[in-house]
Amino acid sequence: MNAAAAPNGADLPQRVCIIGPCGAGKSTLSFKLAEQFKLPLYHMDRLHWKPGWVESTREELIEKLNEVTAQPRWLIEGNYSGTFDQRLPLADAIYFLDFPRRIYRWRVIKRVLTGYGRTPPDKTEGCPERFDIEFIRYVWRFHREAQPRILRYLEAHPDLPVLRFDRPSQLTQHLRSLKSA
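S.K.: Would you explain the overall build of the chain in this entry?
M.R.: Broken down by element type, the chain carries 8 helices and 7 strands. Overall, the chain is about 45 × 35 × 30 Å in size when its C-alpha atoms are taken along their principal axes. In the chain, buried positions account for 44% of the 181 residues. Taking the contacts inside the chain whose residues are at least 6 apart along the sequence as the reference set, 73% of them involve residues at least 24 apart. In the chain, which carries 28 positive and 21 negative side-chain charges, the distance between the mean positions of the two groups comes to 7 Å.

Structure below.
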């Protein structure tokens with residue numbers, strides 16, 4: 001589960017997943033990779049949330065995700081670990097942004113403050129950025145609660161093509177190597 005070398009041009013992934021904590025830069029990375037690899041981009045938040053922050057049912061989410069993963073090419077950004085079995089085994093590359101808490105916590109605070117009231121491009125229209133105490137709790141507890149679930153899943157599936165980055169500089173170096181390939 002270490003950061004892997006950049007794929008060469010002939011071996012560009014056709015099915016990519018990006019996972020990691022909120023604020024790590026999953027959405028930003030997803031836009032870059034979707035353009036680089038020419039893949040249709042899907043955000044788990046857009047698949048899950050309806051306008052007004054109304055949640056889809058599990059069945060609705062699974063149905064939407066099945067439609068996406070039935071396609072030959074896709075990039076899916078977001079955690080939703082309850083759906084890992086549906087998409088991670090199908091992926092050619094899994095980008096795991098495993099950055100330190102100080103990085104992603106600061107980025108989440110900055111995102112809420114600067115984007116408050118606006119709907120970001122990775123969210124469903126009608127789901128503006130807001131200060132949500134449950135979301136902040138989730139972010140603060142990520143390393144204690146959500147990250148261990150992700151790690152257990154990845155360790156239970158050692159054949160998955162995981163590219164794990166524990167520093168933004170590793171990811172930056174990887175993206176540079178993709179551009180030069």
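Picking up after the structure, the text goes on.
S.K.: Where do I start with the packing of helix α1 (residues 26–37) against helix α8 (residues 168–180) in this structure?
M.R.: When two helices pack together, their arrangement is given by the angle between the helix axes and by the axis-to-axis distance. Viewed as axis vectors pointing N to C, α1 and α8 meet at an angle of 15°, and their least axial separation amounts to 11 Å. Comparing the axis directions of α1 and α8 gives the class roughly parallel. Helix-helix and strand crossings are classified by hand; for α1 and α8 the assignment is left-handed. Residues Leu29, Lys32, Leu33, Gln36 and Phe37 of α1 touch α8, and the partners they reach there are Leu171, Leu175, Leu178 and Lys179. Grouping the amino acids of the contact of α1 with α8 by side-chain chemistry returns 6 nonpolar, 1 polar and 2 charged.

S.K.: So what exactly am I meant to see when it comes to the pattern of salt bridges here?
M.R.: Two side chains of opposite charge can pair, provided their charged atoms sit close to one another. Within this structure, the stated rule accounts for 9 salt bridges. The residue aspartate 98 makes a salt bridge to arginine 164 at a minimum N-O spacing of 2.5 Å. Highlighted residues: aspartate 98 in the loop between β6 (93–97) and α5 (101–115) and arginine 164 in strand β7 (residues 162–165), separated in sequence by 66 residues. Across the pair arginine 167 and aspartate 166 runs a salt bridge whose closest N-O atoms are separated by 3.4 Å. Each member of the salt-bridge network shares a partner with another, and the members are Asp45, Asp122 and Lys123.

Definitions and cut-offs
- Residues numbered from 1 in each chain as written.
- Predicted model: local features only at pLDDT ≥ 70, side-chain atom pairs only at ≥ 80, totals over all residues.
- Heavy atoms only, no water.
- Helix = DSSP H or I, 4+ residues; strand = E, 2+ residues; numbered from the N terminus.
- Buried < 20%, exposed > 50% of the residue type's maximum accessible area, 1.4 Å probe, protein only.
- Contact = heavy atoms within 4.5 Å.
- Lys, Arg positive; Asp, Glu negative; His and termini not counted.
- Charge placed at Lys NZ, Arg CZ, Asp CG, Glu CD.
- Axes fitted to C-alpha atoms, helices over the stretch in contact; angles between N-to-C directions.
- Parallel < 35°, antiparallel > 145°, perpendicular 65-115°, else oblique.
- Left-handed = near helix turned anticlockwise from the far one by under 90°.
- Nonpolar A, V, L, I, M, F, W, Y, C, P; charged D, E, K, R; others polar.
- Salt bridge = Lys/Arg side-chain N within 4 Å of Asp/Glu carboxyl O.

Read these as geometric descriptors, not functional statements.
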